[in-house]
Amino acid sequence: MDKEQIEVLGNNHIATSIQTPLRPDAFDTSDNEKIKNIETYFGHIMQELGLDLTDDSLSGTPYRVAKMYVKELFYGLNPANKPKLSTFENKYKYGKMLVEQNITIDSACEHHFLPIVGHAHVAYIPNDRVIGLSKINRLVDYYAHRPQVQERLSLQILKDLQYALKTEDVIVMVVAKHLCVSSRGIKDKNSLTTTVEYGGCFELDQKRQEFLDIVTKISI
Ligand SMILES: [Zn+2]
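For clarity, every value in this text was computed on a predicted model and none was experimentally measured. One numbering rule holds for all chains: residues counted from 1, following each sequence as written. The predicted origin of the model limits local features to residues at a pLDDT of at least 70 and limits the giving and counting of side-chain atom pairs to 80 or more, whereas totals for whole chains, interfaces and linings rest on all residues.

K.L.:
Would you mind going over the environment of P126 with me for this structure?
P.N.:
Strands are runs of DSSP state E lasting at least 2 residues, helices are runs of H or I lasting at least 4, and numbering of each runs from the N terminus. Along the chain, P126 falls in the loop between β3 (115-124) and β4 (129-131). Expressed as a C-alpha distance, the spacing of P126 and N90, which sit 36 residues apart in the sequence, is 7.4 Å. Contacts are defined on C-beta atoms placed from the backbone: any two residues whose C-beta positions lie within 7 Å are in contact. Setting aside residues up to four positions removed in sequence, P126 forms contacts with N90, Y94, G95, L98 and L165.

K.L.:
When you look at unusual backbone geometry in this model, what are you seeing that I'm missing?
P.N.:
For residues besides glycine, phi is generally negative; the peptide bonds are generally trans as well. One non-glycine residue, N102, adopts positive backbone phi at about 60°. Tracing the chain through its elements places N102 in strand β2 (residues 98-109). Backbone geometry places F113, a non-glycine residue, at a positive phi of 55°.

K.L.:
Could you clarify how one ought to interpret helix α4 (residues 133-144) in this entry?
P.N.:
Structurally, the α-helix is built with 3.6 residues per turn, so residues lying three or four positions apart point the same way. To estimate how far a helix should extend, the number of its residues minus one is multiplied by 1.5 Å. For α4, which comprises twelve residues, the first-to-last C-alpha distance of 17 Å matches the rise-based estimate of 16 Å (1.5 Å per residue) to within 8%. Partly exposed residues are those whose C-beta has more than 12 but fewer than 20 other C-beta atoms within 10 Å; with 20 or more the residue is buried, with 12 or fewer it is exposed, and the C-beta atoms are placed from the backbone. The set of residues buried in α4 consists of I136, L139, V140, Y142, Y143 and A144. Packing partners of the buried residues in α4 comprise β2, β3, β4, β5 (147-148) and α5 (150-165).

K.L.:
How should I be thinking about the packing of α4 against α5 in this particular structure?
P.N.:
For any two helices packed against each other, the geometry is given by the interaxial angle and the distance between the axes. Between α4 and α5, the shortest axis-to-axis distance is 10 Å and the interhelical angle comes to 140°. Compared by their axis directions, α4 and α5 come out oblique. As for the relative orientation of α4 and α5, their crossing is right-handed in sense. When α4 is examined against α5, the residues L139, V140, Y143 and A144 are found in contact with a partner set consisting of L153, Q156, I157, D160 and L161. Charged means Asp, Glu, Lys or Arg here, nonpolar means Ala, Val, Leu, Ile, Met, Phe, Trp, Tyr, Cys or Pro, and polar covers whatever is left, Gly included. Looking at the contact of α4 with α5 residue by residue, the classes come out as seven nonpolar, one polar and one charged. Note on geometry: axes are C-alpha line fits, over the in-contact stretch for helices, and angles between N-to-C directions span 0 to 180 degrees. Roughly parallel covers angles under 35 degrees, roughly antiparallel covers those over 145, roughly perpendicular covers 65 to 115, and oblique covers all other angles. Note on convention: near helix rotated counterclockwise from far helix by under a right angle means a left-handed crossing. Clockwise means right-handed.

K.L.:
Can you walk me through the UniProt feature "domain: GTP cyclohydrolase I" (unreviewed entry) in the protein chain in this structure?
P.N.:
Listed under "domain: GTP cyclohydrolase I" (unreviewed entry) in the UniProt record, and renumbered for this structure, are residues 39-214. Taken end to end, residues 39-214 is 37% helix and 26% strand, and its two terminal C-alpha atoms sit 45 Å from one another. UniProt positions are given in the numbering used here, feature names are shortened, and annotations may be inferred rather than shown by experiment.

K.L.:
I keep staring at the packing of helix α2 (residues 31-48) against helix α3 (residues 61-73) and nothing clicks. Help me out?
P.N.:
Relative orientation of the contacting elements α2 and α3 amounts to 135°, with a least axis distance of 8 Å. With respect to α3, the element α2 is oriented oblique. For α2 against α3, the interelement crossing comes out right-handed. Between α2 and α3, the residues in contact are D31, K34, I35, I38, E39, F42, G43 and M46 and T61, P62, Y63, V65, A66, K67, Y69, V70 and K71, respectively. Residues that form the contact of α2 with α3 fall into these classes: ten nonpolar, two polar and five charged.

K.L.:
Which parts of the structure should I look at to understand α2?
P.N.:
With 18 residues, α2 extends 25 Å from end C-alpha to end C-alpha; this agrees with the ideal 26 Å at 1.5 Å per step. A positive phi of about 100° marks G50, the residue just after α2.

K.L.:
Would you mind going over the pairing of β3 with me for this structure?
P.N.:
Residues in a regular strand point their side chains to alternate faces of the sheet. Within β3, seven of the ten residues are buried, which leaves the element mostly enclosed by the surrounding structure. As paired strands, β2 and β3 are joined by nine bridges and run antiparallel to one another. Looking across to β3, one finds that I105 is bridged to G118. Should DSSP find at least two bridges between two strands, the strands are regarded as paired. Where β2 folds back onto β3 in an antiparallel hairpin, the turn is made up of five residues, including F113, whose phi is positive at roughly 55°. Of the strand pairs in this sheet, β3 and strand β6 (residues 170-178) are connected by nine bridges, and their pairing is antiparallel. Its bridge partner lying in β6, H121 is registered against M173.

K.L.:
Help me understand the sheet that holds β3 in this model?
P.N.:
Note on sheets: strands pair through backbone hydrogen bonds, and any given pair is parallel or antiparallel. In spatial order, the strands read β5-β2-β3-β6-β7; together these five strands make up an open sheet with mixed pairing. Both edges of this open sheet fall to β5 and β7 (193-198), since each of them pairs with a single strand only. Packed on one face of the sheet, α4 meets β2, β3 and β5 and runs near 20° to β2.

K.L.:
What is the right way to look at the UniProt feature "binding site: Zn(2+)" (unreviewed entry) in the protein chain in this model?
P.N.:
With numbering aligned to this structure, UniProt lists the feature "binding site: Zn(2+)" (unreviewed entry) at C109, H112 and C180. The annotated residues occupy 72 residues of the chain but converge on a single region, no pair of C-alpha atoms lying more than 7.6 Å apart. The topology assignment puts H112 in the loop between β2 and β3. By the C-beta count within 10 Å, which is 19 here, H112 ends up partly exposed.

What follows is the structure, encoded as structure tokens:
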């Protein structure tokens, strides 16, 4: 890809697949090895920028960044960290909509490695299975903590919940601010990006509207 294509792809926030593109050997190295290697590489970046790494304030930065990447910001790349989506029998036969809203999104754009911050609103209509509420938050958190594209993030959450709950009746809405749009490029400080992905009964306008009425009107 030439430099112009690289810019075009980044500015249009285009993703190439629903799966995060990972190398087959992505987790052959341990977290500690990754931190050690990234520390070296990030030190090179700082050095190339002209920073003096012998300065007390800067000397620990390569390690801090490396640890933050592996253990915090991008912990969701490693499938070993994926929350187990245990479900339970729907004993009380709850059959209407369950909405989990205002789930914090702390992610990063895969084109610029700048923050994506916002909220996810997720709903499903139980069939035979129900899921612990915090599991939905944990799943959102897991997929958010990898370099992302907002459309893919929404789809990854949707597909996993549909699979775990054995129903297509799931909807995922993400509303987020992209710092790569507000701090660079067009530098639009106020714009937000909304993605809505759904299946099953949420294909019906009325069901979708019921969900939107809840998430747009209720705030605590
Ligand atoms: Zn970006």
